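Summary of structural features
Chain residues, written in single-letter form:
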Amino acid sequence: MTPILSVDDLTIGFGGAEPVVSDVAFELAQGQTLALVGESGSGKTLICRTVLRILPKAARIRSGRILLRGRDGETDLVRLSERRMRDVRGDRIAMIFQEPMRSLSPLHRIGNQVIEALRLHRPVSKAQATDAALRTFERVGFPDPERAFRAYPFEMSGGMRQRAMIAMAMITKPEILIADEPTTALDVTTQAQVLGLIKELQAETGTAVIFVTHDLGVVANMADQVVVLNRGRVMEAGPARAVLTAPAHGYTQKLFAAAPSIPAAAAPVAPPPGRDLILEIRSVSKTYRVRGNAGWRSETLVHACRGVDLEVPRGKTLAIVGESGSGKTTAARIALGAEKPDPGGAVIFRDAKGTEIPVHAMSRSERTAFQRKAQMVFQDPYSSLSPRMRVIDALTEPLEIHEIGDREARRERAAEMLAMVGLKREMLFRYPHAFSGGQRQRLSIARALTLDPELLVCDEPTSALDVSVQEQILSLLEDIRDRAGLSYLFISHDLAVVARIADEVAVMRGGLVVEQAPPRTLFHDPRHPYTRALIAAQPVPDIDRPIDLNLVAQGAGAPDTWPEMFRFGQDAMPGLMELEPGHKVRCHA
Amino acid sequence: MTILRYAIYRLFTMLVTLWIVSILIFVIINLPPGDYLSNQIAELRSTGQTAAVDQAEFLRREYSLDQPLWRQYLIWAGFAPGPNGFSGLLQGDFGWSFEFDKPVSEIVGGALWLTVLVNLAAVIFVYLVALPLGVLAAARSRTWVDYTSAFVGYLGLATPNFLLALILFYYGNRYLGLPIGGLMDPAFEGQPMSFEKMKSILLHLIVPTFVIGTSGAAAMMQRLRANMLDELSKPYVETARAKGMSPSRMLTKYPLRVAFNPFVADIGNLLPAMVSGSVLVSVVLGLQTIGPALLAALKSQDQFLAAFVLMFVALLTLIGTMISDVLLMLLDPRIRYEGRET
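All values derive from a computational prediction rather than experimental measurement.

**Overview of the overall build of chain A**
Of the regular secondary structure elements, chain A holds 20 helices and 22 strands. The C-alpha radius of gyration computed for chain A amounts to 26 Å, which stays within 12% of the reference 25 Å derived for 589 residues, consistent with globular compactness. Across its three principal directions, the C-alpha atoms of chain A cover 80 × 60 × 55 Å. Out of the 589 residues in chain A, the part that is buried amounts to 57%. Taking the contacts inside chain A whose residues are at least 6 apart along the sequence as the reference set, 68% of them involve residues at least 24 apart.

**Structural notes on the overall build of chain B**
Across its full length, chain B holds 15 helices and two strands. When its C-alpha atoms are laid out on the principal axes, chain B stretches across 85 × 60 × 40 Å. Looking at chain B as a whole, 46% of its 342 residues qualify as buried. Taking as baseline every contact in chain B between residues at least 6 positions apart, the subset at least 24 positions apart corresponds to 69%.

**Description of the environment of T396 of chain A**
Residues and elements named next belong to chain A. Its place among the elements puts T396 in helix 13 (residues 391-401). Here T396 falls in the buried class, since its relative accessible area comes to 7%. For the pair formed by T396 and L451, sequence separation is 55 residues and the distance between their alpha carbons is 9.4 Å. Within the local environment of T396, its side chain forms a polar contact with the backbone oxygen of I392, the two atoms lying 2.8 Å apart.

**Topic: the interface of chain B and chain A**
The interface is formed by 35 residues belonging to chain B together with 37 residues belonging to chain A. For the chain B and chain A pair, buried surface summed over both sides reaches about 3200 Å², with 55% attributable to carbon and sulfur atoms. If you look at where chain B meets chain A, you find three salt bridges. Notably, a salt bridge pairs E238 of chain B with R49 of chain A, separated by 2.4 Å at the nearest N-O pair. Where the side of chain B that touches chain A is concerned, the elements lending two or more residues are helix 1 (2-29), helix 9 (235-242), helix 10 (247-253), helix 11 (255-265) and helix 15 (333-336) of chain B. Per-element tally for the side of chain B that touches chain A: the top contributor is helix 9 of chain B, with six residues. Grouping the amino acids of the side of chain B that touches chain A by side-chain chemistry returns 14 nonpolar, seven polar and 14 charged.

**A few points about the nonpolar core**
Residues and elements named next belong to chain A. L5, L77 and I176 are the most contacted members of the largest nonpolar core, which has 139 residues in total. There are two domains that each give this core at least three residues, and those are domain 1 (5-215) and domain 2 (277-586). Sequence-distant contacts of I176, defined by excluding residues within four places in its chain, comprise I4, L5, L28, L68, R92, I93, A94, T207, A208 and I210.

**Overview of a nonpolar patch on the surface**
Residue and element names in this part refer to chain B. Together, F12, V16, W19, I20, I23, L24, V27, I28, L31, F79 and L90 make up a nonpolar patch on the protein surface, roughly 1100 Å² of accessible area in all. Position of L90 relative to the elements: it lies in the loop between helix 4 (69-77) and strand 1 (96-97). A relative accessible area of 59% places L90 in the exposed class.

**Looking at the sheet that holds strand 2 (residues 19-28) of chain A**
All names here are of chain A. With antiparallel pairing, four strands are arranged side by side in an open sheet as 2-1-4-5. Both edges of this open sheet fall to strand 2 and strand 5 (73-76), since each of them pairs with a single strand only. Geometrically, the sheet is characterised by an average inter-axis angle of 10 degrees between neighbouring strands, direction not taken into account. As defined by bridge partners, strand 1 (residues 5-14) adjoins strand 2 across six bridges and the pair is classed as antiparallel. When the bridges of strand 2 are listed, V7 appears paired with F26. Taken strand by strand, helix 1 (residues 44-52) contacts strand 1, strand 2 and strand 4 (59-70), and its axis lies near 115 degrees from that of strand 1.

**Some thoughts on the sheet that holds strand 7 (residues 176-180) of chain A**
Residue and element names in this part refer to chain A. The strand order across the open sheet formed by six strands is 6-7-8-3-9-10, and the pairing between neighbours is mixed. The open sheet has two free edges, formed respectively by strand 6 (93-96) and strand 10 (233-239), since each of these has just one partner strand. Here the average twist between neighbouring strands, direction ignored, is 15 degrees. Both strand 9 (residues 225-230) and strand 10 contribute to a ladder of six bridges, which runs antiparallel.

**A short note on the state of the cysteines**
All names here are of chain A. Enumeration over the complete set of coordinates arrives at zero disulfides over all chains. Here C305 stays unpaired: no disulfide links it, and the sulfur of C458, its closest cysteine neighbor, is 18 Å away. Under the relative-accessibility criterion, C305 is labelled buried at 1%.

**A look at the domain arrangement of chain A**
All names here are of chain A. Here the domain parsing of chain A yields domain 1 (5-215) and domain 2 (277-586). Each of domain 1 and domain 2 has a C-alpha centre, and the two are 35 Å apart. Taken together, both faces of the contact between domain 1 and domain 2 bury some 1200 Å²; the carbon and sulfur share is 59%. Counting every contact that joins domain 1 to domain 2 gives zero salt bridges. For the pair domain 1 and domain 2, the interface holds three residue pairs in polar contact (both at pLDDT 80 or more). For the side of domain 1 that touches domain 2, the residue count by class is three nonpolar, six polar and three charged.

**Digging into unusual backbone geometry**
Residues and elements named next belong to chain A. Although it is not a glycine, D23 adopts a positive phi angle of roughly 50 degrees. Locating D23 in the fold gives a position in strand 2. Exposure remark for D23: the relative accessible area of 46% places this residue in the partly exposed category.

**A few points about the packing of aromatic side chains**
All names here are of chain B. Overall, the coordinates contain 22 aromatic pairs over all chains when judged by the stated rule. Pairing Y127 with F263 gives two aromatic rings, centres 4.8 Å apart and planes at 65 degrees, and the pair type is edge-to-face. Here the residue Y127 occupies a position in helix 5 (residues 104-139), and F263 occupies one in helix 11, the gap between them amounting to 136 residues. With respect to burial, Y127 and F263 carry one shared label: buried. Ring centres of Y170 and Y171 lie 5.0 Å apart, and the angle between their planes is 85 degrees; this geometry places the pair in the edge-to-face category.

**Some thoughts on helix 3 (residues 110-121) of chain A**
Counting buried residues in helix 3 of chain A gives nine out of 12 residues, a clear majority hidden from the surface. Turning to helix 3 of chain A, its buried residues number three or more, namely I110, G111, Q113, V114, I115, E116, A117, L118 and H121 of chain A. If you follow the buried residues of helix 3 of chain A, they end up packed against helix 2 (82-88), helix 4 (126-139), helix 5 (145-150) and helix 6 (158-170) of chain A together with helix 10 of chain B.

**Description of the pattern of salt bridges**
All names here are of chain A. Applying the stated criterion across every chain, the model contains 43 salt bridges over all chains. For E82, the salt bridge is made with R53, and the minimal N-O distance between the two is 3.8 Å. Highlighted residues: E82 in helix 2 and R53 in the loop between helix 1 and strand 4, separated in sequence by 29 residues. Using a relative accessible area of 38% as the deciding quantity, one classes E82 as partly exposed. E280 is the partner of R350 in a salt bridge, and the nearest nitrogen-oxygen pair spans 3.0 Å. Separated by 70 residues along the polypeptide, R350 in strand 14 (residues 346-350) and E280 in strand 11 (residues 277-290) bring together distant segments of the chain. With a relative accessible area of 17%, R350 lands in the buried category. By sharing partners, the salt bridges in this structure join E280, R282, R350 and E356 into a single network.

**Concerning the side chain of Q303 of chain B**
As for its position among the elements, Q303 of chain B is in helix 14 (residues 303-331). Discounting chain neighbours no more than four positions away, the residues touching Q303 of chain B are I29, N30, L65 and Q72 of chain B.

So, how was this worked out
Residues numbered from 1 in each chain as written. Chains lettered and ligands numbered in written order. Predicted model: local features only at pLDDT ≥ 70, side-chain atom pairs only at ≥ 80, totals over all residues. Heavy atoms only, no water. Helix = DSSP H or I, 4+ residues; strand = E, 2+ residues; numbered from the N terminus. Rg over C-alpha atoms; globule rule 2.2 N^0.38 Å. Buried < 20%, exposed > 50% of the residue type's maximum accessible area, 1.4 Å probe, protein only. Contact = heavy atoms within 4.5 Å. Polar contact = N/O pair within 3.5 Å; in protein donor to acceptor, adjacent residues only side chain to side chain. Buried area = accessible area lost by both parts, 1.4 Å probe. Salt bridge = Lys/Arg side-chain N within 4 Å of Asp/Glu carboxyl O. Nonpolar A, V, L, I, M, F, W, Y, C, P; charged D, E, K, R; others polar. Core = buried A, V, L, I, M, F, W, Y, C linked by side-chain atoms within 4.5 Å. Domains from an automatic or database assignment. Patch = residues over 30% accessible without salt bridge, like charges linked within 9 Å, V, L, I, M, F, W, Y side chains within 5 Å. Areas by Shrake-Rupley, 256 points an atom, 1.4 Å probe, with all protein chains shown as cover. Pairing = 2+ DSSP bridges. Axes fitted to C-alpha atoms, helices over the stretch in contact; angles between N-to-C directions. Disulfide = S-S within 2.5 Å. Phe/Tyr/Trp six-rings, centres within 6.5 Å; stacked < 30°, edge-to-face > 60°.

Here it is, written out as structure tokens:
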């Protein structure tokens, strides 16, 4: 069979600099899925934009051919005139993008933006286009297509927006669909559903798909062919099964080693014995009043946390897992005293000497002591370091604030911290922009450690990083925990990351803890439908363990669609039952 | 429905603001010691003209200048009865100008509408010039189109308005036969509106509009260009390109639509800047707007005239912001539907 698209010898560069993509070649067969896999900077995004010729202004195609064979013969997309290229875009090759939040115009209705794609390429009336759009909406799983048609993007959740993007791409029945990390910005259960949808549509329409991703788990679920990229070069290419089961190239093997995964089957473990707690969160609730931006709107209440009880034992890691909006970050902020809980809740911190500090009723001296002992590592290492402060200033600043040591001692401490996180002493005098994402996250960790804390709150510390870097940071965090006797409160949306680092996991949904257990117990015997959905939705880089969409569908819906035993509404909810020692589930007895 | 509720809400806040502004204006105007009449009385006393002193004393009582300040304010605004019952701004009595010895309404009557006209023309000019140039400069950023429009724009910003006025008058008159000074042919002054008078006003408007509007247009153009450039790098623009839209259609449908919001929001800022900016220009160009009247009134502590002019400017500003707020609400569904049940 002749491939529908072949890319030959493609080289792309910016200005006169070294090419960022060199000699890339691959072929896409009719109805198949080709995965372009690589970390940030591998050139995968640039390649798929080149196919549509929507490159940034400064980028130049230095050499190569992109041959599209289809309805009307063979065309070289690199040499096609801009005018004719416009007929290819959206009609023969459609694209969906990474961020559904920002890839739709905020000021135009969804319906308007979708039918536009059809009307640009087909001589259809508005009514016909609307009909087609409504049918497509129904197909991509909108419960109420008419409503979606009239809605604005900001009125929809991320998953729904991505469905709208898919509808927009598929309405012209293109021969090729390019999906650029279409699920990276989505929650894991939503990701599973969107991946399932793309597969179904592909089977129905016979569209060929180029799937760009950094996630080997997603590759295992989607791809027929795999192309592994590193620094603009193809490292390895071949059928998915071959590449995934027996990666030949060293780089691919490295990617596999780094990919976190949930252990396939694990034995339950006995609950830890009597506890020395460093942090206790007692029946903490948080209600936000959301006011319209002016007095002419009534206010609504948002329950970010509802009756959360959590305990962090000294020297252990408690992980809170949940999708966006589950209340996990609010819980962490309350634990650090950045926010006050509703009356009735309390957070107690116990330092190594056993002194109790009530985090939300601290005296001035208690506050200073608490700030020294509890520190935070943030999600985005790019925005959590001031670009105008040298590393040494960022690292010594906490010491200055707490008036610890003299100038020399502070410097010494900063250098020591750098060594601890695996960076070199010479880097003290550089600015953050000189560091990569992973190095910056090491800096953030070093900064959090300078005050010699006992508790570290990590808010998704690895989710902005590449897989191989993520692996290094997790190792570092484990290593530091064991060496310095730290305790972690670890916030994440990623079960696989948590599986590795946590001693206990609390799964949150809608402001409530729905299940809580040590990770091995949790993965061996998840009881709650939502936990099961989370585990099932996690893409695993094993081609023989595809995502079970049924399990995902059962637990990912709203809490009032769960089985009778677990169901809860806005007001009434079941309590947290201890099924076996150390394993708690929110259900009716 | 939401729009209507919002408009009513905005109208209400506007009235409250206007009320607070009126207090501020009154207090500020009365900050310098003395007033027009007491200055005059002192002068008359020293020259021994007792008859005139009596008349001035009468005026003082008539306009309650002998009352404490807070009572003066209440009487002026029309919240409390003066010597002749309720007669203040609320009742449509704008007070007496001592300098011109006429009721304020007579002095500013015609000038009010000419002021509105001149500034409206300038605002329209600003938008007509800035919109296409700003979009063009953004779409062709870093090419000669962009640089030329930026150069012309900066020239417009940097040239003092009165200088620009003189230059334009000279060349306009010399090569195009445009009239110099004033807002209409002197023959039409005080005449009822007619087609000829209208034509004369429009001809006279050309140069003032240009002079008052240039710097605003230049600033606005640069702002629009910056907004457009921001929007052009957003992913939804890429989506539109990937759909196969032509560049011009894509530009006007998506980024311009978003960049338009700050553009609209600027109406509120533009009006007061223009009104106050045009005071000096009006003096130089001899326009019969309220600008020259305001200048004269402030110099001679002619308090009712000054207060009225300032109130009028405040009202224009508030109306401007209100219009832009309501327009924004109409244009931007994010504001309109925020918090709508999904």
